[in-house]
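# Descriptive analysis of the structure
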Amino acid sequence: MATPRKTASPRQFSLNSEEHSIDNSLANHLIYTSGRHAEAATTRDWYETTAHTVRDHLIERWVETVENYYDKDPKRVYYLSLEFLIGRMLSNAALNLGIDGQVREGLHALGQTMEAVSDMETDAALGNGGLGRLAACFLDSMATLDLPGMGYGIRYEYGMFNQHIENGQQVEHPDNWLRYGNPWEFQRPERLYPVKFYGHVVEFPAQDGSVEQHWVDCETVMAMAYDMPVPGYNTETVNNLRLWSAKATREFNLDSFNAGDYVGAVEDKTSTENLSKVLYPNDTSVMGRELRLRQQYFFVSASIQDILHRFTHEHDSSWELLPEKVAIQLNDTHPAIAVAEMMHALVDVYRLKWDRAWSLTTRVFAYTNHTLMPEALETWPVDMFERVLPRHLDIIYKINHYFLHDVNHRFPGDTELLKRVSIIDEDHGRRVRMAHLAVVGSHTVNGVAAIHSDLLKTTLFADFNRIFPGKIINVTNGITPRRWLNQCNPGLTELIASRIGSGFIKDLSQIEKLAPFAEDARFRKEFMQIKQANKQRLVERIHHRLGMRIDPESMFDVQVKRIHEYKRQLLNVLHVITLYNRIRSGKTEGMTPRTVIFAGKAAPGYRMAKLIIRLILDVAGMVNRDPAINGLLKVIFLPNYDVSSAERIFPASDLSEQISTAGTEASGTGNMKMALNGALTIGTLDGANIEIREEVGEDNIFIFGLTTQQVAELRMRGYNPWEYYNANAELKQALDMIAEGYFSVEEPERYKPIYETLTWNGDYYLLLADYASYVKTQEDVGALYRDKDEWARRAILNVARVGKFSSDRTIREYAQKVWGVEPVAR
Ligand code: 26Q
């Protein structure tokens, strides 16, 4: 007999017995968790029942993973992010645990379908878009690779807003995602940290003659942990995502209570709890709102306290071990205040000497940049910073002082350089540059696709690249094949597995073994049948939701992503209007029937993005109502694009639109998701499109438009959109229709701002310059689509050749090149 373990192992309660079969568990949870009999159960009850059944299987592995990490004491990686765009958990957890088949059958025996039950789950939409979804894919990959990784973020009460279309326009509705409870989270009322704001700094002489900085007269908010399990695929590892929720301190406002101001005390209490109330829905132009800075510091401070609590618990004050045990990744600059917070903790709380603390700090942090767009770079007014975080401003000044001193020593006399790299911008009313703090405080900085990282080195961070040669590297983004192939496209997954086995789900490089099947006629037929079935499902959903009938035989031409001028949804609209005009004037020879599908949210304060949505809807209305169109063109705007709708759209896509102005899209990840699901890409040489082309081969992707270098040269020469307008009759016609109110007869001036942006105001994103090339390339796409067999061949080659874009590969690179962490075996 084996020796009994010190502590009760949860395996004693193992679920792998008859009594705890999925069937029994469903029956039990229906009655004991949902409080229902089968006859009275709603689909939501079945969801709750199923979620708890699957959850039981997570918990064992979760606590064992904690125990295992504790025993083995490996270096851990902490992923700090203001956003985790997780989507639904149920089917993902069931798949990763390998119990999806049993759950499906169990539900079936009870008269339910997994699809209907799954559909009851509200998305965890704690993110805006690419950056937030990347964080969620990374969590999946870290767990799948048995890496001791943990996510830290905010448990927003309201996630990304729900987009409704009312009177042809976007209207934002609050996302009350916790309304029905959340079976995937575990409140940890004892994991509680105080977070301080405001107040001021006073200096005290210390015993040893040095000066101690004390941050006093602060307001304190409590951060309470909520944990969500993150199961790896086909492994025992279940990692943790820890999200912080703001709670008022118990002592809070005792004074007003004593004064009998009951209502006042309650009011103040809610104002502190506002910190975790809502996700900011902007994803480029940043608003310098104080609440956002407080949100950032709130979650950063709680996370750093928690990380150091764990570290000191295991290693007391052996601080030299810190960089050997802790790696912290900053997801963009949003958590960059962590650099100052770490210094605050080491110097003010644990009383380390400044130089030693700084050496440790810079060996712990690494920073990922996700954008070059100047309006997305976070800076905070010094006076606001000083009011909210007075001690941290002092620390930043000191970091900056030593940094600039070093730079001056190495590049003597270059005062312009000092001004450019300073953490404090002195030219725009004194602001703290968070990107500079992140670069100076990190040992490694990375971009998210090869071209983006090159541009970081030559433009945005050129000075830093000179000061810190080798610090800036590339780690190309990826996506998790579990959610973005296996889960969203079971038909294709099964087909692939029937030919090459199922090893590709955990090792996507194996999918290259599919390439020879591009030449197999039977395989091509089956492949296209699956695409057709996926399209059919989307057609039914669109009919159900929007009451529109679309033709499943038409080419599904898809652009789904946040609405942004740089992403150029308007270029797509110009193409749609061009097709419309060609059809109306009878130039339809060789034209391929298309359904052009748009989806995406506009930041609530981004007027041009909202106007673009409105134009898409007006053009759709005009085109779809016109009998002369004769089935050649349909335009759809799918409201409320989110992770769950993405999971339905990608498997049904034929053509993937990735048409940003070259040099503007850091990477893109929708491009990878659609290619993996057998769509062909039409795109510019931007972001990861460039690497997708390298992988799939230039014959299997439609590239058009100016390159980054040509864009720069054209702007340098002096770009004049009128030259293109006057030289191209179809372009002129399309723009004139927008300007003259053709699509907004009841309000002819409605789209004047769009026309003006593209003409008089200089067309910053060069839509007119790329229009002719785009339209021509779209003709090539249409022609190829009519050759179904050749299309299938190329689509299969896309699927077979995008193995590089698994987030498992991305995470392995971070683990090796950035974090220095290794898989932890059981
Ligand atoms: C900052 C300050 C205040 C309020 C909001 C923000 C904010 C929030 C979200 C700024 C930016 C974002 C999100 C950016 C984002 O999603 N970037 C995308 O990241 C992807 C993953 O690397 C890339 O593939 C995309 O190219 C990039 O646009």
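Predicted, not measured: the structure shown is a model, and the values here were computed from it. (Residues numbered from 1 in each chain as written. Predicted model: local features only at pLDDT ≥ 70, side-chain atom pairs only at ≥ 80, totals over all residues. Heavy atoms only, no water.)

We now examine the overall build of the protein chain. Along the backbone of the protein chain there are 33 helices and 24 strands. For the protein chain, the C-alpha radius of gyration of 28 Å lies close to 28 Å, the compact-globule estimate for 826 residues. Its C-alpha atoms put the protein chain at 90 × 75 × 60 Å along the principal axes. A total of 826 residues make up the protein chain; the buried ones form 61% of that total. Partitioning the contacts of the protein chain with sequence separation of at least 6, the portion at a separation of at least 24 is 77%. About 32900 Å² of surface is accessible on the protein chain, with carbon and sulfur atoms providing 50% of the total. (Helix = DSSP H or I, 4+ residues; strand = E, 2+ residues; numbered from the N terminus. Rg over C-alpha atoms; globule rule 2.2 N^0.38 Å. Buried < 20%, exposed > 50% of the residue type's maximum accessible area, 1.4 Å probe, protein only. Contact = heavy atoms within 4.5 Å. Areas by Shrake-Rupley, 256 points an atom, 1.4 Å probe, with all protein chains shown as cover.)

Our next topic: the site of the ligand. If you check the shell around the ligand, you find 19 residues, and the closest are Leu131, His370, Asn477, Glu665 and Gly668. Within the backbone of Ala666, an N or O atom sits 3.4 Å from an oxygen atom of the ligand. Within the backbone of Ser667, one N or O atom sits 3.1 Å away from an oxygen atom of the ligand. Across the complex, the protein chains shield 94% of the 610 Å² of accessible surface that the ligand would expose by itself. Broken down by element, the shell around the ligand gets its largest block of residues, three residues, from helix α6 (residues 130-144). Its residues assigned to classes, the shell around the ligand shows six nonpolar, eight polar and five charged. (Near = heavy atom within 4 Å. Polar contact = N/O pair within 3.5 Å; in protein donor to acceptor, adjacent residues only side chain to side chain. Nonpolar A, V, L, I, M, F, W, Y, C, P; charged D, E, K, R; others polar.)

The next subject is the packing of aromatic side chains. On inspection of all chains with the given rule, the structure shows 31 aromatic pairs. Taking the centre distance of 6.4 Å and the plane angle of 0 degrees together, the rings of Phe464 and Phe468 count as stacked. Judged by centre distance (4.9 Å) and plane angle (45 degrees), the ring pair of Phe704 and Tyr774 falls under tilted. Here Tyr774 lies in helix α31 (residues 767-786) and Phe704 lies in the loop between β24 (702-703) and α27 (708-717), a separation of 70 residues in the sequence. By relative accessible area, which is 3% here, Phe704 ends up buried. Feature note: the residues Tyr367, Phe403, Phe461, Phe464 and Phe468 constitute an aromatic cluster, connected by ring pairs. Here the basic side chain of Arg294 rests over the ring of Phe197, its NZ or CZ set 5.5 Å away from the ring centre. (Phe/Tyr/Trp six-rings, centres within 6.5 Å; stacked < 30°, edge-to-face > 60°. Lys NZ or Arg CZ within 6 Å of the ring centre and 35° of its normal.)

Pairing is antiparallel across the open sheet formed by three strands, whose spatial order is β14-β16-β15. Looking along the sheet, the strands with just one partner apiece sit at the ends: β14 (379-381) and β15 (424-425). Judged from the two bridges that link them, β15 and strand β16 (residues 431-433) form a sheet pairing that is antiparallel. Looking at the pairing, Ile424 lines up with Val432 of β16. (Pairing = 2+ DSSP bridges.)

Moving on: the pairing of strand β6 (residues 169-173). One ladder, built from five bridges, connects strand β5 (residues 162-166) with β6; its direction is antiparallel. Residue pairing for β6: Glu166 is matched across the bridge by Gln169. Taking the residues that link successive antiparallel strands as the turn, the β5-β6 hairpin has two residues, and the phi of Asn167 there is positive, at about 50 degrees.

One finds Trp184, Phe197, Phe298, Ile328, Phe385, Ile754 and Trp819 to be the most contacted residues of the largest nonpolar core, which totals 274 residues. Residue contributions to this core peak at twelve residues, all from helix α23 (residues 607-625). Each residue touching Trp184, except ones within four places of it in the same chain, is listed here: Tyr47, Ala51, Val54, Arg55, Leu58, Met89, Leu90, Ala93, Glu121, Asp227, Met228 and Pro229. (Core = buried A, V, L, I, M, F, W, Y, C linked by side-chain atoms within 4.5 Å.)

Neither face of strand β13 (residues 365-368) is left uncovered, since the one carrying Phe365 and Tyr367 and the one carrying Ala366 and Thr368 both have all their residues buried. In this sheet, β13 lies alongside strand β12 (residues 326-331) in parallel orientation, the contact comprising four bridges. Within β13, the position partnered with Ile328 by the bridge is Phe365. Bridging between β13 and strand β17 (residues 444-447) involves three bridges; their strand directions are parallel. Bridging across to β17, Tyr367 finds its partner in Val445.

Here the focus is empty space enclosed by the protein. Evaluated as defined, the whole model comprises four cavities of 30 Å³ or more. The computed volume of the largest cavity comes to approximately 170 Å³. If you go around the largest cavity, you meet 14 residues; those closest to its centre are Ile86, Met89, Asn92, Ala136 and Val230. Grouping the constituent residues of the lining of the largest cavity by class yields nine nonpolar, two polar and three charged. (1 Å grid on protein atoms, 1.4 Å probe; cavity = no way out; pocket = protein on both sides within 12 Å on 5 of 7 lines; lining within 4 Å. Points joined across faces, edges and corners; volume = space filled by probe spheres on them.)

With respect to the secondary-structure elements, Arg391 resides in helix α14 (residues 390-410). For Arg391, a relative accessible area of 6% corresponds to the buried category.

A few words on helix α11 (residues 338-349). Among the twelve residues of α11, eleven are classified as buried, and the element is accordingly described as predominantly covered. Where α11 is concerned, the buried positions are Ala338, Val339, Ala340, Glu341, Met342, Met343, His344, Ala345, Leu346, Val347 and Asp348. Immediately beyond the C-terminal end of α11, within one or two residues, lies Arg351, with a positive phi of roughly 65 degrees.

As a further point, take the side chain of Arg433. By the secondary structure assignment, Arg433 is in strand β16. Setting aside chain neighbours within four positions, we find Arg433 in contact with Glu378, Thr379, Lys419, Arg420, Val421, Ser422, Ile423, Ile424 and Asp425.

With that settled, consider the state of the cysteines. Enumeration over the complete set of coordinates arrives at zero disulfides. The cysteine Cys137 is free of any disulfide, with Cys488 supplying the nearest cysteine sulfur at 11 Å. You can call Cys137 buried: its relative accessible area is 1%. Given a relative accessible area of 12%, Cys488 falls into the buried group. (Disulfide = S-S within 2.5 Å.)

Moving on to the sheet that holds strand β10 (residues 219-231). The nine strands are arranged β7-β10-β11-β4-β1-β12-β13-β17-β18 in an open sheet whose pairing can be described as mixed. Across the chains shown, the open sheet's two edge strands, defined by having one partner strand only, are β7 (186-197) and β18 (472-474). Each neighbouring strand pair of the sheet contributes to a mean axis angle of 25 degrees, computed without reference to strand direction. Here α6 sits on the sheet in contact with β1 (76-80), β4 (149-154), β10, β11 (238-248) and β12, set at roughly 55 degrees to β10. Docked against the sheet, helix α16 (residues 434-441) engages β12, β13 and β17, running at close to 135 degrees with respect to β13. (Axes fitted to C-alpha atoms, helices over the stretch in contact; angles between N-to-C directions.)

Below, the discussion takes up the pattern of salt bridges. Within this structure, the stated rule accounts for 53 salt bridges. Between Asp306 and Arg310 there is a salt bridge whose closest N-O contact spans 3.3 Å. Separated by four residues within a single helix, Asp306 and Arg310 lie in helix α9 (residues 290-315), roughly one turn from each other. Taking the relative accessible area as the measure of exposure, Asp306 reaches 1% and is therefore buried. A salt bridge links Arg568 to Asp770, with the nearest nitrogen and oxygen atoms 2.8 Å apart. One end of the pair, Arg568, is in the loop between β19 (555-560) and α22 (569-584); the other, Asp770, is in helix α31, with 202 residues separating them in the sequence. By the burial criterion, Arg568 is buried, and Asp770 matches it. Through salt bridges with shared partners, a single ionic network connects Arg188, Arg191, Asp227, Arg242, Asp306 and Arg310. (Salt bridge = Lys/Arg side-chain N within 4 Å of Asp/Glu carboxyl O.)

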